[in-house]
Amino acid sequence: MQEESRPSRRSRWIGRIVALLALLALGGLAWYLTHRPAAGGAPPGASSGGPPGPGGPGGMAAGRGGPATTVGIARAERADIPIVIEALGTVTPSATVTVRPQVSGVLTEVRFKEGQMVKAGEVLAVIDPRPLELALMQAQGQRQRDEAQLQLARLTLERYQTLLQQDSIARQDVDTQAAAVKQLEGTVLSNRAAEGTARLNLGYTRITAPVSGRVGLRVVDVGNVVSSGDANGIVVITQLAPIDVQFAVPQDRVPDIERRTAQGATLPVTALDRSRATTLDEGRFSTLNNEIDTTTGTVQAKARFANAGRTLFPNQFVNVRLQLDTLRDAVVIPVAALRHSNDGDFVYVLNDDRTVSQRMVQRGQATNDRVQITRGLAVGEPVVTEGADRLKDGARVQVPGDRPARGASAPAGGASAPGRGASAPRRAASAPVAR
């Protein structure tokens, strides 16, 4: 029995050694397949499936040695850039008048339609004039009576003066008659004023528009008794042309506005709709308020518009664009090319070898799509406008339209370039069969 156990124990050890050798062979084969040099001559350990490097996935993807990143390019150019102040404004009519009657009476006519455009001096309504016509006639009669008395008193005074020269009358009678003449002259003057008042009141029976504009909704109807004490009046007229827009200006821009207006410059103002896509009207800056609002740090400003097309309506909210000045021949780039960091603003400049360099710049005035560069960039230099988020200083890039370089390295993710290296996936796939 002892002799039979020895061969079986020896066979088990031989099996274990064979299995260990087979495992070592498989491990060596796997190491060779995963660490052999690529077709482009890359060093061992530099396979595309390695751990991410400083440039992102694939090692040096955004660095000098990795695949190029496609970016958009624009060149710095010279252009005129406007200095603009933008604000939210409210349309305010240049005049709003509540038409009230100035005399009391029965309203007999209404000669306007609601929403109608009227001109200054146009008759809007008529009050029954008959009572005021009678009052005028009474004032005229009183004046004529007192004028007749005045004429008689003057003739009497002349006779008294003649008798005084003949020493036929006392001086006291002459003085008394002269005082009576003066008194009647004052009475006649008062009568003339009363007659003028009556004639004026009679004219007030025709209610006219004091300003040109658009009438609102009618407040009273024909047949009602109206008077000057009515708070609502008859109708409200709003002047629409010209019309004003009131908006707030930051207090830091007040000196610039004052300087430009002192130079006699006409500052154009544009009124835009809520979406800033449609221009409602073009006007000019009018004036600034005389104090700063301490709660907001702004100053109320006003601009005037012709509003010939009636595109601006009272109390309408509009976007205001005040052009303060224009910078001539400024170096500008697209806003998307300007980047920001803790050290300041910078751009990526494209070099001749298709690498980018990070360059610090100083920005100036800006519009919606362009920004002025006052220092750090010359006219004609290309800057990166798209894809800059994936870049760093010295990264290799390519511009749309560039032809790929011959023998370029494989893209990140493990895909091999066409050619000899394409057999690597097939060999790797055959490893299970070899085992």
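How each quantity is defined
- Residues numbered from 1 in each chain as written.
- Predicted model: local features only at pLDDT ≥ 70, side-chain atom pairs only at ≥ 80, totals over all residues.
- Heavy atoms only, no water.
- Helix = DSSP H or I, 4+ residues; strand = E, 2+ residues; numbered from the N terminus.
- Buried < 20%, exposed > 50% of the residue type's maximum accessible area, 1.4 Å probe, protein only.
- Contact = heavy atoms within 4.5 Å.
- Axes fitted to C-alpha atoms, helices over the stretch in contact; angles between N-to-C directions.
- Parallel < 35°, antiparallel > 145°, perpendicular 65-115°, else oblique.
- Left-handed = near helix turned anticlockwise from the far one by under 90°.
- Nonpolar A, V, L, I, M, F, W, Y, C, P; charged D, E, K, R; others polar.
- Pairing = 2+ DSSP bridges.
- pLDDT = per-residue confidence, 0-100.
- Expected span 1.5 Å × (residues − 1).
- Phe/Tyr/Trp six-rings, centres within 6.5 Å; stacked < 30°, edge-to-face > 60°.
- Salt bridge = Lys/Arg side-chain N within 4 Å of Asp/Glu carboxyl O.

### Regarding the overall build of the protein chain
Across its full length, the protein chain holds six helices and 23 strands. Taken across its 435 residues, the protein chain has 31% of its residues classed as buried. Considering only contacts in the protein chain between residues 6 or more positions apart, those separated by 24 or more positions represent 74%.

### Observations regarding the packing of helix 2 (residues 130-165) against helix 3 (residues 171-203)
Direction vectors running N to C along helix 2 and helix 3 enclose 160°, while the axes themselves pass 8 Å from each other. Taken together, the axes of helix 2 and helix 3 lie roughly antiparallel to each other. Both helix 2 and helix 3 take part in a crossing whose hand is left-handed. Of the residues belonging to the contact of helix 2 with helix 3, the class tally is 17 nonpolar, nine polar and eleven charged.

### Description of the sheet that holds strand 6 (residues 117-118)
Spatially, four strands are ordered 4-11-9-6 in an open sheet, and the strand pairing comes out antiparallel. In the strand order of this sheet, the two ends are held by strand 4 (96-99) and strand 6, each with one partner. Direction of pairing for strand 4 relative to strand 11 (residues 235-238): antiparallel, over a ladder of four bridges. Residue pairing in the sheet places Thr-96 in a bridge with Thr-238 of strand 11.

### Thoughts on the side chain of Thr-385
Within the secondary structure layout, Thr-385 lies in strand 22 (residues 382-386). Judged by its relative accessible area of 16%, Thr-385 falls in the buried class. Every residue in contact with Thr-385, bar those within four places of it in the chain, is listed here: Gly-72, Ile-73, Ala-74, Pro-334, Ala-336 and Ala-337.

### A word on the pairing of strand 20 (residues 362-366)
Summarising the sheet, strand 20 and strand 21 (residues 370-375) pair through three bridges and their orientation is antiparallel. The residue of strand 21 that forms the bridge with Gln-362 is Arg-375. Taking the residues that link successive antiparallel strands as the turn, the strand 20-strand 21 hairpin has three residues.

### Observations regarding the confidence of the model for the protein chain
Residue-level pLDDT values for the protein chain average 83, and 83% of them are 70 or greater. With pLDDT under 50 throughout, residues 1-5 is counted as low confidence; its partners more than four residues away or in other chains account for zero contacts.

### A word on helix 3
For helix 3, with 33 residues, the first-to-last C-alpha span of 49 Å sits near the 48 Å given by 1.5 Å per residue. The complete set of buried residues in helix 3 reads Val-174, Gln-177, Val-181, Leu-184, Val-188, Asn-191, Glu-195 and Ala-198. Residues of helix 3 that are buried in the fold lie against helix 2.

### Quick notes on the sheet that holds strand 5 (residues 105-110)
Here we have four strands laid out as an open sheet, ordered 8-7-5-10, and antiparallel in their pairing. If you trace the sheet from one side to the other, it starts and ends with strand 8 (206-208) and strand 10 (225-226), each paired once. Pairing geometry for strand 5 and strand 7 (residues 123-127), over three bridges, is antiparallel. Its bridge partner being in strand 7, Glu-109 is matched across the sheet by Val-126.

### Section: the packing of aromatic side chains
One pass over the full model with this rule turns up one aromatic pair. Ring centres of Phe-346 and Tyr-348 lie 5.5 Å apart, and the angle between their planes is 85°; this geometry places the pair in the edge-to-face category. Across the pair, Tyr-348 and Phe-346 agree in class, each one buried.

### Quick notes on the pattern of salt bridges
One pass over the full model with this rule turns up 16 salt bridges. The residue Arg-276 makes a salt bridge to Glu-86 at a minimum N-O spacing of 3.1 Å. Of this pair, Arg-276 sits in the loop between strand 13 (268-272) and strand 14 (279-288) while Glu-86 sits in strand 3 (residues 77-93); the two residues are 190 residues apart in sequence, bridging distant segments of the chain. Of the residues examined, Arg-276 reaches a relative accessible area of 39% and is grouped as partly exposed. When its relative accessible area of 36% is taken as the criterion, Glu-86 is described as partly exposed.

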